[in-house]
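Each chain, letter by letter, is given below.
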Amino acid sequence: MRRHGWDPGARRWRLTALLGVGAAALALVVTLIQLLPGSAPSTRGTSPDGDKVHGTPATPPRTTRPDVGWGFTHTQYSADQGPGSATGRVERLLSGTGMPQNQHIMGWGAGNPEPVQGRYDFEEMDRRIDFVRASGGTPVVTLCCAPDWMKGGRAGAGTTDWSQSFLETAPTRAHYEDFAALAATVARRYPDVRHFIVWNEFKGFWNNSEGRWDYEGYTELYNLVHRALKQVDPQIKVGGPYLVMDSLGPRRKENASTALRGSWGAMDQRVLDAFDYWNTHKAGADFVVVDGSSYTKDDELLPDEFAATDKLTAVGEWVRRRTGDLPLWWAEYYVEPADGKDDRKDWSEKHRVAVQAAGMIAMVKGGASSGFYWNPENKTGPDCPGCLWTPTDTSGGGRALPLYDLVSRFAREFPPGTRYATVRVAEDDVPNVRVLATDRTVLVVNTLDRPISAQVDGRRFTMKGYEVKWLRR
């Protein structure tokens, strides 16, 4: 699924920006020489001490919980770069929230961590971890993707193939242990990172010959990584499988589940089979991770954009029945279909926020205690639909947007361990509102694009179209 907004043209190193034309030409000549048959791969800019502790790690709690709450994932552009006034504004925005912040080890803002076997370059990753620390966040690391030499590509600094297809290629089986060793290196470098997600969306793990997911290969990789991380520190929490919980519309019969279905469609049985295999054969897990959208693989919102979020509840309940007490994380969640460029710009911001709120409520009702909003920060410009804050490329950037207000408030009001309460909703209002409540807080979402008068928890009040309202009890 094209949801990550990967820009294959964006360089992950800054050679061109730092060198003049003459120096760049010289670098090109050197690179061409290095590509000659028999030449050793370049180790320029790398170091053999990748597991050396970076910076000043935050002091982790004595006991690490297996769930982290509601936060966001850093993507290709984020608040670790830009004028200090803009990045500092986001740091202050996040300060004190403790919101979890997820970062991948390669791609989505991070360079190739091991361009040559045993030689490391964590420059971009270091900067992202520094930002998480400076903003007081709980760091989470997704162990994806793999250096080129682990998946049939060329080793060498400055030769990384950043095309989306190659970035999303899984390591070959012969290099599973090398990837596990890289995971352990990352864990030693950032000892304050106590939560690791293994891989991303089964990328590269498709069995073409059998037309199904290669769940055996993924589970073998997962188990090796799980063991390597636990050897670094038994307190590290590890989870997977980060499967995309795809669903199919009513016109699709092939691969449609007969057991897990609803008005929102039917689950793709191949995904459920992959999950069950991992769940049966995993070496262990401290939490379970899925991702997905409320809409079908054909971008259908069934029967409408709000009711479609019931899928997130159904999937969560299905997963929890199989995994028992394991905390459920949504690594990504989407409620607004993207266009051909993977952009989501069709909805107004109030519409977007309302459906997002309904989706988060649905995940909680399915048993989720943690989730990560995929923050699509633009590189530049004032227009940033669906972003948490304005781009930090200018001194005036880094200002909170409506979705930040939703996600941060949700994280504060509904942390892991929250005891939820049932509230009364007037019968004629039930079809029009979505509600989530605790002993002290009620979140109410108007699912209509018009004002309503609603009666919730014994109180009557008016709501604007698509309004998200927080009430104190």
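Residues numbered from 1 in each chain as written. Predicted model: local features only at pLDDT ≥ 70, side-chain atom pairs only at ≥ 80, totals over all residues. Heavy atoms only, no water.

K.L.:
In this structure, what is going on with the sheet that holds strand 14 (residues 433–437)? I would like to understand it.
P.N.:
One key point about sheets: their strands pair by backbone hydrogen bonds, in either a parallel or an antiparallel sense. Taken together, the three strands give an open sheet; going across it, the order is 14-15-18, and neighbouring strands pair in antiparallel fashion. At either margin of the open sheet sits one strand with a lone partner, and together these are strand 14 and strand 18 (468–472). The average angle at which neighbouring strand axes cross in this sheet is 20°, direction not considered. The sheet contact formed by strand 14 and strand 15 (residues 441–446) spans five bridges and is antiparallel. For Arg-434, the partnering residue across the bridge sits in strand 15 and is Val-445. Here helix 11 (residues 402–413) sits on the sheet in contact with strand 14, strand 15 and strand 18, set at roughly 30° to strand 18. (Pairing = 2+ DSSP bridges. Helix = DSSP H or I, 4+ residues; strand = E, 2+ residues; numbered from the N terminus. Axes fitted to C-alpha atoms, helices over the stretch in contact; angles between N-to-C directions. Contact = heavy atoms within 4.5 Å.)

K.L.:
Teacher, can you tell me more about the side chain of Thr-392 here?
P.N.:
Counting through the fold element by element, Thr-392 comes out in the loop between strand 13 (368–374) and helix 11. Other than its neighbours up to four places away in sequence, Thr-392 contacts Ser-78, Ala-79, Gln-81, Gly-82, Pro-83, Ala-86, Thr-87, Val-90, Glu-377, Gly-397 and Gly-398.

K.L.:
It is not clear to me how the state of the cysteines should be interpreted in this structure. Could you clarify?
P.N.:
Each disulfide consists of one covalent bond between the sulfur atoms belonging to two cysteines. The tally for this structure, following the rule as stated, stands at one disulfide. Two residues, Cys-384 and Cys-387, share a disulfide whose sulfurs are 1.9 Å apart. Judged by the torsion about the S-S bond (-65°), the Cys-384/Cys-387 disulfide is left-handed. What makes Cys-384 buried here is its relative accessible area of 6%. Take Cys-387: its relative accessible area is 0%, and that puts it in the buried class. (Disulfide = S-S within 2.5 Å. Buried < 20%, exposed > 50% of the residue type's maximum accessible area, 1.4 Å probe, protein only.)

K.L.:
Whenever I open this one, the packing of helix 7 (residues 215–232) against helix 8 (residues 269–281) confuses me. Can you help?
P.N.:
Geometrically, a packed helix pair is captured by the angle between its two axes and the distance between the axes. Axis separation between helix 7 and helix 8 bottoms out at 9 Å; the angle between their running directions is 35°. As helix 7 packs across helix 8, the resulting crossing turns out to be right-handed. Between helix 7, through Tyr-215, Glu-216, Tyr-218, Thr-219, Tyr-222 and Asn-223, and helix 8, the contact on the second element is made entirely by Asp-273, Ala-274, Tyr-277, Trp-278 and His-281. Here the contact of helix 7 with helix 8 is built from residues that sort into six nonpolar, three polar and two charged. (Left-handed = near helix turned anticlockwise from the far one by under 90°. Nonpolar A, V, L, I, M, F, W, Y, C, P; charged D, E, K, R; others polar.)

K.L.:
Mind showing me how you'd approach the sheet that holds strand 8 (residues 247–248) here?
P.N.:
With antiparallel pairing, three strands are arranged side by side in an open sheet as 8-10-9. The two strands at the open ends of the sheet, each matched to only one other strand, are strand 8 and strand 9 (256–262). Where strand 9 and strand 10 (residues 265–268) come together, three bridges link them in antiparallel fashion. Paired with Gly-262 across the two strands is Gly-265, which belongs to strand 10. On top of the sheet, helix 8 reaches strand 9 and strand 10; it is set at about 45° to strand 10, its chief contact.

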